[in-house]
Amino acid sequence: MSTLEAQVPALREIAESSNAWPFQEARKVVARLKRHPKDEVVFETGYGPSGLPHIGTFGEVARTTMVRHAFRVLTEDKIKTRLIAFSDDMDGLRKVPDNVPNREIMARHLGKPLSRVPDPFSSEYPSFGAANNARLRAFLDQFGFEYEFLSSTDCYTSGRFDATLLKVLERFDTVMEIMLPSLREERAQTYSPFLPISPRTGIVLQVPIVAHDAKAGTITYEDPDTKEHVTTLVTGGRTKLQWKPDWAMRWVALGVDYEMAGKDLIDSVRLSGEVCRALGGMPPEGFNYELFLDEKGQKISKSKGNGLTIDEWLRYASPESLSLFMYREPKAAKRLYFDVIPRHVDEYQQFLEAYERQDLRQRLSNPVWQIHSGNPPKADIPISFSMLLTLVGSSNAENAETLWGFIGRYRPGVTPQTHPKLDALVRYAIHYFRDFVLPQKRFREPSENERTALLDLRDALAQLPADASAEEIQQVVYEVGRREPFLDKTGKIKTKDGKPGVALDWFNMLYQVLLGQEKGPRFGSFVALYGLKNTIDMIDGALARSA
């Protein structure tokens, strides 16, 4: 618990009425605990290592961590909690992912558990599942999540699931009664909750069960190749369950109290909940979050590799900005693509700056409180990401040193050593500009009216002292813009001095003609950072291009 939490007795009282969604979710777990007391509450997230870990996987862990922390606040940390990150690496490989090397090698192992398919990337890991598990854990560790990693293969083969598997076998007919109505007629004819793993081929078999014996702990199936009847124990990793009964079995075996899932799994959650009850368990609390979409509005898929990877986001922005993306509106579908990054970088900083001015109730609704488990750092970045992106483009900066030359003049005393987070932001901005902004730059020619306005702006800026403040420069920009066709005709823009407002068209023109982009930061602040002489030269260059 943070220092702030320890010092403010009113924290729990305020948290109990907070509308922040992690507290709403945590209150469901508190109510569950009152109905069914226990000494430990288990939160779980699931991951299918059939493809490279993507941001959606990280999001589930981040969001569940937020709910877990909210629960700790509501219970004053008097109840022990655990967060299990579970990997379904016992699943059979159904198809070879599109975004891996050595696909022909993997194709030879179709149908085998992911933990028995060779690693296509290198010989570093014993299997494809293990390689993907390692990638996921490396990032979760880097981010500082507190979790316990569990492998489905380890749980099955070690006997950890044996007692619950025998319970599924004991209630075989009941489980079938729950599952069969949800299946297509053809699928229902061959369905079994148990999937035997062939001792001959190692493949996870989708075959009918011809007999089951709860007392012996066995099932009997027909080998699809030899047509012989094979009897096997269901324990010790010799079988695994179909994924919906498997989910329910896991909830019972691990005592899971909370797990969220994507909106596409609503029916699966319901069915697994029914199986869980049939096994004598209680389904966990949770909610269904909306799915992440790629730039075309399609669902993100691990096997397709569309959307963003964790490493890609972290090339262009901080982990905290990614956490902000995950925190916001979890029940709304959101595009998860490169163009969402700059806004979340700057809005994270804005929330951090607001935090210092807020009272406790407001802080609990501030995303940074949830992102940093109640103890956010001090705001310490004096220049926005959007400003840095514009500065990179305007100065043709190819390295951080060039950018720091501008920053040092604009903010004396601010250096990479005094502001390491800003230094990281500078590097992010250079990467992002090179990869996404530069290829999209399109300078348009100004109209005659716009040329006249730009000439007047140039002359007005030339009259300012070299050390003019951002606000002084902004006022000059406004004054020059108070003309047709840039005057606000809606009456919605109010000015303190009662003068006519300036429409966004004026600033959009400056961005498009001078910077080659559709939008940008506050223009006066940009000029103060870039320098009056450099800005005048930029205007001269734009006018010369269009002469």
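Residues numbered from 1 in each chain as written. Predicted model: local features only at pLDDT ≥ 70, side-chain atom pairs only at ≥ 80, totals over all residues. Heavy atoms only, no water.

1. Thoughts on the overall build of the protein chain
Basically, it comes down to this: Only DSSP runs of H or I with at least four residues qualify as helices, and only runs of E with at least two residues qualify as strands; both kinds are numbered from the N terminus onward. Exposed residues in this analysis have more than 50% of their type's maximum accessible area, buried residues have under 20%, and partly exposed residues fall in between, with area computed by a 1.4 Å probe over protein chains only. Each accessible area is a Shrake-Rupley estimate made with a 1.4 Å probe; only the visible protein chains count as cover when residues are assessed. Positive: Lys, Arg. Negative: Asp, Glu. His and the chain ends are not part of the count. All charge positions are set by atom: Lys at NZ, Arg at CZ, Asp at CG, Glu at CD.
Of the regular secondary structure elements, the protein chain holds 25 helices and twelve strands. When its C-alpha atoms are laid out on the principal axes, the protein chain stretches across 95 × 60 × 45 Å. A buried classification covers 53% of the 547 residues belonging to the protein chain. Counting only carbon and sulfur atoms, one obtains 49% of the accessible surface of the protein chain, whose full area is about 25,100 Å². Placing the 71 positive and 73 negative side-chain charges of the protein chain at their respective mean positions leaves the two points 2 Å apart.

2. Observations regarding the pairing of strand 5 (residues 209-213)
The following threshold applies: Two strands pair under a simple rule: DSSP has to find at least two bridges between them.
When strand 5 meets strand 6 (residues 218-222), the two strands line up antiparallel, connected through four bridges. Note that in strand 6 the partner of A211 across the bridge is T220.

3. Some thoughts on the packing of aromatic side chains
Within a pair of aromatic rings, the relevant descriptors are the distance that separates the centres and the angle that separates the planes. Heads up, the condition is: Ring geometry is summarised as follows: Phe, Tyr and Trp rings, the Trp one being its six-membered ring, pair when their centres sit within 6.5 Å, and such pairs are stacked at plane angles under 30 degrees, edge-to-face over 60 and tilted between the two. By the criterion adopted, a ring carries a charge over it if an Arg CZ or a Lys NZ lies within 6 Å of its centre and within 35 degrees of its normal.
One pass over the structure, following the stated rule, counts 29 aromatic pairs. Between W247 and W251, the ring centres sit 5.0 Å apart and the planes meet at 45°, which makes this aromatic pair tilted. Taken together, the residues W247 and W251, both in helix 11 (residues 243-254) and four residues apart, mark about one turn of the helix. We note that W247, like W251, is buried. Clustering of aromatic rings is evident, with ring pairs tying together Y316, Y337, F338, F385, Y432 and F436. It is R63 that lies over the ring of Y289; its NZ or CZ is 5.4 Å from the centre. Sitting over the face of the ring of F443, R545 holds its NZ or CZ atom 4.5 Å from the ring centroid.

4. Thoughts on the sheet that holds strand 5
How we decide: To define axes, lines are fitted to C-alpha atoms, for helices over the stretch in contact only, and angles between the resulting N-to-C directions are given on a 0 to 180 degree scale.
Ordered in space as 5-6-7, the three strands form an open sheet in which the pairing is antiparallel. Each edge of the open sheet carries a strand with a single partner, namely strand 5 and strand 7 (229-233). The mean angle between the axes of side-by-side strands here comes to 20°, regardless of whether they run parallel or antiparallel. Bridge analysis of strand 6 against strand 7 gives five bridges, and the strand direction is antiparallel. What sits directly across from Y221, in strand 7, is V230.

5. Some details on unusual backbone geometry
Where the residue is not glycine, phi is negative for most of them; where a peptide bond is considered, it is trans in most cases. Of note, the amide linkage connecting E484 to P485 takes the cis form, showing an omega dihedral of 5°. In this structure, P485 sits in the loop between helix 22 (470-481) and helix 23 (504-515). Positive phi outside glycine occurs at N102, with the angle close to 50°. Checked against the element boundaries, N102 lands in the loop between strand 2 (80-87) and helix 5 (103-107). Although it is not a glycine, K227 adopts a positive phi angle of roughly 65°.

6. Examining the pairing of strand 1 (residues 40-47)
Summarising burial for strand 1: six of the eight residues are buried, a large majority. For strand 1 and strand 2, the ladder comprises eight bridges, and the chain directions are parallel. Paired with E44 across the strands is I84, a residue of strand 2.

7. As for the pattern of salt bridges
For clarity, the threshold we go by: What makes a salt bridge here is a side-chain nitrogen of Lys or Arg within 4 Å of a carboxyl oxygen of Asp or Glu, nothing more.
Scanning all chains against the criterion turns up 38 salt bridges. Between E148 and R82 there is a salt bridge, with its nearest N and O atoms 2.8 Å apart. Here the residue E148 occupies a position in strand 3 (residues 148-151), and R82 occupies one in strand 2, the gap between them amounting to 66 residues. Residue R82 is classed as buried on the basis of its relative accessible area of 19%. Through salt bridges that share partners, R32, R35, K38, D257 and E285 make up one connected network.

8. Some details on the environment of L455
On the secondary structure map, L455 appears in helix 21 (residues 448-462). A relative accessible area of 39% means that L455 is categorised as partly exposed. When the C-alpha positions of L455 and V42 are compared, they lie 66 Å apart, and in sequence the two are 413 residues distant.

9. Examining the confidence of the model for the protein chain
As a reminder, the rule being used: Note on scores: pLDDT gives the predictor's confidence for each residue, bounded by 0 and 100. Contacts: residue pairs with any heavy atoms within 4.5 Å of one another.
When pLDDT is averaged along the protein chain, the result is 92, and 97% of the positions lie at 70 or above. Between residues 3-8, whose pLDDT stays under 50, and residues either more than four places distant or in other chains, the model counts eleven contacts.

10. Examining the sheet that holds strand 3
Taken in spatial order, the three strands of this open sheet run 1-2-3, and their pairing is parallel. The open sheet has two edge strands, strand 1 and strand 3, and neither has a second partner. Strand after strand, the sheet turns through a mean of 30° between neighbouring axes, direction not considered. Both strand 2 and strand 3 contribute to a ladder of four bridges, which runs parallel. Pairing of F86 across the sheet is with L150, part of strand 3.

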